[in-house]
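Secondary and tertiary structure notes
Here are the chains, one letter per residue:
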Amino acid sequence: AQSVTQLDSHVSVSEGTPVLLRCNYSSSYSPSLFWYVQHPNKGLQLLLKYTSAATLVKGINGFEAEFKKSETSFHLTKPSAHMSDAAEYFCVVSGNQGGKLIFGQGTELSVKP
Amino acid sequence: EAQVTQNPRYLITVTGKKLTVTCSQNMNHEYMSWYRQDPGLGLRQIYYSMNVEVTDKGDVPEGYKVSRKEKRNFPLILESPSPNQTSLYFCASSLEPWTEAFFGQGTRLTVV
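Below is a summary of the structure that appears in this document. (Residues numbered from 1 in each chain as written. Chains lettered and ligands numbered in written order. Predicted model: local features only at pLDDT ≥ 70, side-chain atom pairs only at ≥ 80, totals over all residues. Heavy atoms only, no water.)

**Regarding the side chain of R68 of chain B**
Residues and elements named next belong to chain B.
- Note on placement: R68 falls in the loop between β7 (65-66) and β8 (76-78).
- Despite being buried, R68 has no salt bridge partner; E30 is the closest side chain of opposite charge, sitting 6.3 Å away.
- In this structure the side chain of R68 is engaged in a polar contact, spanning 2.9 Å, whose partner is the backbone oxygen of E30.
- Within polar-contact distance, the side chain of R68 engages the side chain of S49 at 2.7 Å.
- In contact with R68, other than residues within four places in its own chain, are Q25, H29, E30, M32, S49, M50, N51, V52, E53, T55, N73 and F74. (Helix = DSSP H or I, 4+ residues; strand = E, 2+ residues; numbered from the N terminus. Buried < 20%, exposed > 50% of the residue type's maximum accessible area, 1.4 Å probe, protein only. Lys, Arg positive; Asp, Glu negative; His and termini not counted. Salt bridge = Lys/Arg side-chain N within 4 Å of Asp/Glu carboxyl O. Polar contact = N/O pair within 3.5 Å; in protein donor to acceptor, adjacent residues only side chain to side chain. Contact = heavy atoms within 4.5 Å.)

**Quick notes on the interface of chain A and chain B**
- Every contact between the two is made by 21 residues of chain A and, on the other side, 22 residues of chain B.
- Both faces combined, the contact of chain A with chain B buries some 1600 Å², and carbon together with sulfur accounts for 52% of it.
- The largest per-residue losses of area from chain A upon contact with chain B belong to L44, K100 and F103 of chain A, which jointly make up 27% of the total buried on that side.
- Remark: the boundary between chain A and chain B carries zero salt bridges.
- For the interface between chain A and chain B, the tally reads three residue pairs in polar contact (both at pLDDT 80 or more).
- Those elements that place two or more of their residues in the side of chain A that touches chain B are β5 (32-38), β6 (44-50), β10 (87-94) and β11 (101-103) of chain A. (Buried area = accessible area lost by both parts, 1.4 Å probe.)

Laid out in structure tokens, this is it:
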């Protein structure tokens, strides 16, 4: 069975400081992993995805994530937070049962001026 | 513009009154799915469809129905809504199940 755990339900950073959103996954085979962002009252938008190519994945808006198989982690980072980054972030693994997407519980990112 | 369109965006209804939430995509995607989003639970899949006339249950299918008569449309039907179906609903489509999913704007449903 596959699962995703986002280790923090809420993260607060100051503008200009680094962002780290943590995600651990469980999968019996090599998974596809995604990070999606949801701004208030909006749908979800893909930030980046890992599909067994390079382990360091670069996404939009300066975000990147590193796939670490030994740690079963796929943490999302950004060197310098911007106010517009305030949103909810979801780590997602693609399942093998009809391609079901399995979502983590979400991490709400707050950015202080 | 590539998009997934859901309607309505907001809906308040009473217990037991049948309703349909429509979903349409213009990307010729094979795969479509419905999710509900509840605080602290992330998104949970309700139903998905691999192609026309092919649908299957997700994690939380009870109380919902879907149909896929055309490739572009994937309506979500609540035959007899109950208050525990109050939630934020998202439709999504993708070329393949493991590729980028495009999400609609969401439908906030309240059942009183």
